[in-house]
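# Secondary and tertiary structure notes
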Amino acid sequence: MLESVLVANRGEIARRVIRTARTMGIRAVAVYSDADADLPFVREADQAVRIGPAQPAQSYLDSSVIIEAARRSGAAAVHPGYGFLAENAGFARQVEAAGLTWVGPDPAAIEQMGDKIKARNLMEQAGVPVAPGSREPLISAAAAAEEAERIGFPVMVKAAAGGGGIGMSAAASQAELQAAFDTARSRAGRFFGSPEILLERYIERARHVEVQILGLADGTVLALGERDCSVQRRHQKVAEETPSPGVSAALREQMLAAAVRAGQAVAYRGAGTVECLVDTQAGAFVFLEMNTRLQVEHPVTELVTGIDLVEQQFLVAAGQPPSFDPAAVSPAGHALELRVYAEDPVRFLPGPGTITQWQEPSGPGVRVDAGYAAGNTVTPFYDPLLAKLCVHGADRQQALERAIEAVAAFRIEGPKTNLRFHAELLTSAEFVSGDYDTSLISKLRPR
C-alpha cells in the first residue's frame, strides 16, 4: 500500500481525500496557497507545504512547485482531486517521471479523452452512441457554417479542448452561429490554450446523466450506476441525484454497458465518469465526454453503493484489488447532492466574504463535505464552492424530505449563499415530479 500521498488540491476535495488517506494509514500531505493557509484541510493533513501566492497560476496550477513540495515532504504519490491539474496529462507524466505514483488513470487515457473531437471519434469506434457532430476541429466561421448545415440546426458550439461549460452556447440558425462561434473561439483560446471548436447537434429537451466507472488494477472496468446532473446554471452543475428519475431500467442498462465499453477503449484505471445527454423525447442517449478524474458529485454514488471511491483510487494506484466484491455491487436507496456556493441565490454571481457563522446539519442519511468553517474567508481567487450537502434515503421521497430539513438547518452567515435557491428547488413541482431537464433553472429563474 502507498505510505504517503500529496494532495494537489484545496478546499473540500483536499479535505475529503485526506480523510480517506488517514483512515487507510496513508500519511497525507497538503499543499496550500497564501489565501488558504487557515482552511480546515491544511490543519487536518499530517503535513502542509506552502506552494505560493493566491493566484492559481503561481500555486495550484504550477506543476513544478507541486512536485518540489512532494519531494521535500517525502510523499510517495500524488492525488490531484478534481479541477486544476487533475486532467493534465503532462502533469501526470511529470509526476511519474519524478518517481512518484500518480493516483489517476494512465496519462495516455487522459490525453485521449481531453480532446473532445478525438474522444467522440474513439467512442463511436467503440460502439458508444454519439450525436451528429464534428469529426475534425473547426477554426473558421465559414467552416463552422458549412458543418452546421451538414449536422442540422440547432447545434451546440463548444471548445474542443474545453470543459466545465465554459464558452458553450446553442445556435438555432446561421445568424446565431456567428456570434456563438466567435464567443466560443475566444474563450477556448483564453481558458484552454486552443482555439479549436466543435459542433454537435443540440438536444433541446435533454437530461445530463453520467455513469461512474471504476477501472480496477487487473484491467476490469466496472459501472457503479448513474447520476442525474441536469440541474445546471450556465452549463455548470448545481445539484445531482442517483438513480436518475428520468432513466428507465432498460435505458440504464444500455448506458452502463456503453460506459464500460468507453472505459475499456482507453484501458481505463481508477475512478472516471462517462457523461451523456439523454434525449427525453426519443428515450435515447449520446456520449458527451469522459472525465478522467474523480467528480465533484461522487458522494451520491458512495451513499447508494457503500463504496469509498477515493479508497478504490488508492488501491488501484497501488496495484491492489478493490475492497469490495465487484460481482456484488447493488446500489440501494436514493441520494442527492446540493452544491452550496458563496453566491447570490438569484443571479448566481460569486460573493466572497468572511464566514461569521457555520453550522452544519446532521442526522440520519446526512453527509456534509465542507471546505470551510467559521472564521474562514472565501476569496475571489477560486471556485466559490463552500460545501456539498448530501443526503441518502430509502427512496427518493425520503431523500427529498431529508434534504429539505438539512437545507433549513444549514446556517452560514457572512457571504451570500445559494441555500435559499436549494430550498426552492427541492419544493418546486418540476423537480419533485422528477420530470425535468437542463432547462429547469432557467424556468425557476427566468430572466
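Let us now look at the sheet that holds strand β17 (residues 366-370). If you trace the 8 strands from one edge of the open sheet to the other, you get β13-β12-β9-β10-β11-β14-β19-β17, paired in antiparallel fashion. Looking along the sheet, the strands with just one partner apiece sit at the ends: β13 (284-291) and β17. Along the sheet, successive strands turn relative to each other by an average axial angle of 25°, direction set aside. Examined bridge by bridge, strand β14 (residues 334-341) and strand β19 (residues 385-393) share 8 bridges and lie antiparallel to one another. In the strand pairing of β19, R339 is matched with K388. Strand contacts of helix α9 (residues 249-265): β9 (206-215), β10 (221-233), β12 (270-279) and β13, with the helix running at about 110° to β10, the strand carrying the most contacts.

This part takes up unusual backbone geometry. Excluding glycine, a negative phi dihedral is what most residues carry, and trans is how most peptide bonds are arranged. The omega angle of the peptide bond from F153 to P154 is 0°, so this bond is cis rather than trans. For P154, the location among the structural elements is in the loop between α7 (141-151) and β6 (155-159). At the junction of T242 and P243, the peptide bond is cis and its omega measures out at -5° in the coordinates. Structurally, P243 can be placed in the loop between β11 (236-242) and α9. One non-glycine residue, F84, lies in positive phi territory at about 50°. By secondary structure assignment, the location of F84 is in the loop between β4 (77-79) and α4 (89-97). For H235, which is not a glycine, the phi torsion comes out positive at approximately 65°. With respect to the helices and strands, the residue H235 is situated in the loop between β10 and β11. For H235, a relative accessible area of 35% gives the class partly exposed.

Between helix α3 (residues 63-73) and α4, the least distance of the axes is 11 Å, while the angle of their chain directions is 30°. Classified by the angle between their axes, α3 and α4 sit roughly parallel to one another. When you trace α3 past α4, the crossing you get is right-handed. Contacts from S63, I66 and I67 in α3 reach F91, Q94 and V95 in α4.

Throughout the structure, instances matching the rule amount to 8 aromatic pairs. Between the aromatic rings of F84 and Y382, the centroid separation amounts to 6.4 Å while the plane-to-plane angle is 85°, which identifies the pairing as edge-to-face. Note that F84 is positioned in the loop between β4 and α4 and Y382 in the loop between β18 (377-378) and β19, a separation of 298 residues in sequence. In this structure F84 comes out as partly exposed when scored by relative accessible area, which is 30%. When its relative accessible area of 9% is taken as the criterion, Y382 is described as buried. Ring geometry for F381 versus Y382: centroids 6.2 Å apart, planes at 55°, classification tilted. Taken together through their ring pairs, the aromatic side chains of Y60, F84, F381 and Y382 make up a single cluster. Here the guanidinium or amino end of R396 rests over the ring plane of F431, the centre of that ring lying 5.0 Å away.

Rules and cut-offs
Residues numbered from 1 in each chain as written. Predicted model: local features only at pLDDT ≥ 70, side-chain atom pairs only at ≥ 80, totals over all residues. Heavy atoms only, no water. Pairing = 2+ DSSP bridges. Helix = DSSP H or I, 4+ residues; strand = E, 2+ residues; numbered from the N terminus. Axes fitted to C-alpha atoms, helices over the stretch in contact; angles between N-to-C directions. Contact = heavy atoms within 4.5 Å. Buried < 20%, exposed > 50% of the residue type's maximum accessible area, 1.4 Å probe, protein only. Parallel < 35°, antiparallel > 145°, perpendicular 65-115°, else oblique. Left-handed = near helix turned anticlockwise from the far one by under 90°. Phe/Tyr/Trp six-rings, centres within 6.5 Å; stacked < 30°, edge-to-face > 60°. Lys NZ or Arg CZ within 6 Å of the ring centre and 35° of its normal.

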